[in-house]
Every structure is written in C-alpha cells, then in structure tokens.
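# Fold and geometry: a report
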Amino acid sequence: MMQSKPIPSQLDTQPLMPQEKKIVSWQTAQNMTEQWKSHGDRVVFTNGCFDLLHPGHTSLLSQAKQAGDHLIVGLSTDSAVKRVKGPHRPIQKERDRALVLASLAAVDLVVLFDQDGPLELIETLKPDVFAKGADYTLDKIWGASFVQSYGGQILLVDLVEGQSTTGIVTRIAG
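Here is a short report on the structure shown in this document. (Residues numbered from 1 in each chain as written. Predicted model: local features only at pLDDT ≥ 70, side-chain atom pairs only at ≥ 80, totals over all residues. Heavy atoms only, no water.)

Take Asn47: it is sitting in strand E1 (residues 43–48). Of the residues examined, Asn47 reaches a relative accessible area of 9% and is grouped as buried. Residue contacts for Asn47: discarding those within four places in its chain leaves Gly74, Phe113, Pro118, Phe130 and Lys132. (Helix = DSSP H or I, 4+ residues; strand = E, 2+ residues; numbered from the N terminus. Buried < 20%, exposed > 50% of the residue type's maximum accessible area, 1.4 Å probe, protein only. Contact = heavy atoms within 4.5 Å.)

Here's what the structure looks like:
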C-alpha cells in the first residue's frame, strides 16, 4: 500500500501546547498502534469533523474509549470538511478542532486526514474497533468491510438526542 504524505497545516507552524503532543502524524500513530497492540492493548478508532464539540461528540468519544484501551481520533482537515459539508464549514479551523479533541482525557491521539473518508488511515492503523454513531449503517461506514476483514469490530454507539453540529449552526443562524 502506498503511504500517504503528511498533511501540511497550521499545526506545523505554531508553538506546541501540552495537548499538542497527542496530535501526531500518520507514521507516529501507526507506530503507537503497533506498540500498544504488541502489549495486548485494544485500539479504538473513530473519525469526523468535530466542528463544534457538543455532548453528542463527547458521548461518542467516551463510549468509544470504553471499547478498548486507546482511542485514536481521525480528524478531517479543513479542505476535507469543505468538500464533504459544503463551503460554509468548518466553523473552526483544524488546529482549533485538533486542540480541543487532544485536550479530552478519552482521546489518546488525534490524526488529521485530507481524504473524503478515513479508509486510507484505517488501512494504515488497522484498529481493533472502529466506532461510529448509531445513525450510520455498516454499508455507509468508510472502511467497515476492511476492519471486519481482519477480525476487527464495528461499534455503533448510542446517539445523544437533539445533538448535532448542523442543528447548532441552524439555531445560531436563526
């Protein structure tokens, strides 16, 4: 498999804050995943835009973390969010979204990806568990069949009713 190139971003030019140690390259995430698995630890992966962090997101992250020992969050870059969500998104830049995620105790690593979906990152990390919200079905989850092909588990986590970034943006717009 061809290794994806690192994603240039604002993260490369700003001074480091303590939580930024959790924001890592694909290679570092792959190395950490292999190290954790060599010790018998279960690695959980989830992904998304995490544009305006809300109780639905924190519930997803908490439930995902409970499914294993380490949680890796794949974070869509600004350009990927625009392609998937439209020209008015993201609300917050990738650096800010990554910093907020990295500050959460449930999150062990944050890895940015620039593809429309996380398949290449999943192929690189080969997590034991891939967690998504229960609003998804297996056929709509990027990489679900790949994860299942090597014995990995797909975990559909319960949603928090009435919580979505789109809903928040709509309420703000009035």
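Within the open sheet, the five strands sit side by side as E3-E2-E1-E4-E5. Their pairing is parallel. Two strands in the sheet have a free side with no partner beyond their single neighbour: strand E3 (109–113) and strand E5 (153–157). Within this sheet the neighbouring strands show an average axis-to-axis angle of 25 degrees, counted without direction. Looking at chain direction, strand E4 (residues 129–133) and E5 are connected through five bridges and run parallel. Each residue of the ladder has a partner; that of Phe130, found in E5, is Ile154. Contacting strand E2 (70–76) and E3, helix H4 (residues 94–102) runs over the sheet at an angle of about 165 degrees to E2. (Pairing = 2+ DSSP bridges. Axes fitted to C-alpha atoms, helices over the stretch in contact; angles between N-to-C directions.)

Take the packing of aromatic side chains next. Scanning the entire structure with this criterion turns up two aromatic pairs. Considering the side-chain rings of Phe146 and Tyr150, the 5.3 Å spacing of their centres and the 70 degrees angle between planes classify their relative orientation as edge-to-face. For Tyr150, a relative accessible area of 31% puts it in the partly exposed group. (Phe/Tyr/Trp six-rings, centres within 6.5 Å; stacked < 30°, edge-to-face > 60°.)

For the rest of this paragraph, the subject is unusual backbone geometry. Across the junction of Arg89 and Pro90, the peptide omega takes the value 0 degrees, indicating a cis bond. Among the secondary structure elements, Pro90 is positioned in the loop between helix H3 (78–85) and H4. The residue Lys126 is not glycine, and still its phi comes out positive at about 50 degrees. Topologically, Lys126 is positioned in the loop between helix H5 (119–125) and E4.

Here we come to the environment of Thr77. Here Thr77 is to be found in the loop between E2 and H3. Along the sequence, Thr77 and Gln115 sit 38 residues apart, while their C-alpha atoms lie 8.3 Å from each other.

Another aspect to go through is the pattern of salt bridges. According to the stated counting rule, one finds six salt bridges in the structure shown. Residue Lys37 pairs with Asp128 through a salt bridge whose shortest N-O separation is 3.9 Å. With a gap of 91 residues between them, Lys37 in helix H1 (residues 26–38) and Asp128 in the loop between H5 and E4 connect regions that are remote in the sequence. Salt-bridge contacts for Asp51 lead to Arg89; the nearest nitrogen and oxygen are separated by 2.8 Å. (Salt bridge = Lys/Arg side-chain N within 4 Å of Asp/Glu carboxyl O.)

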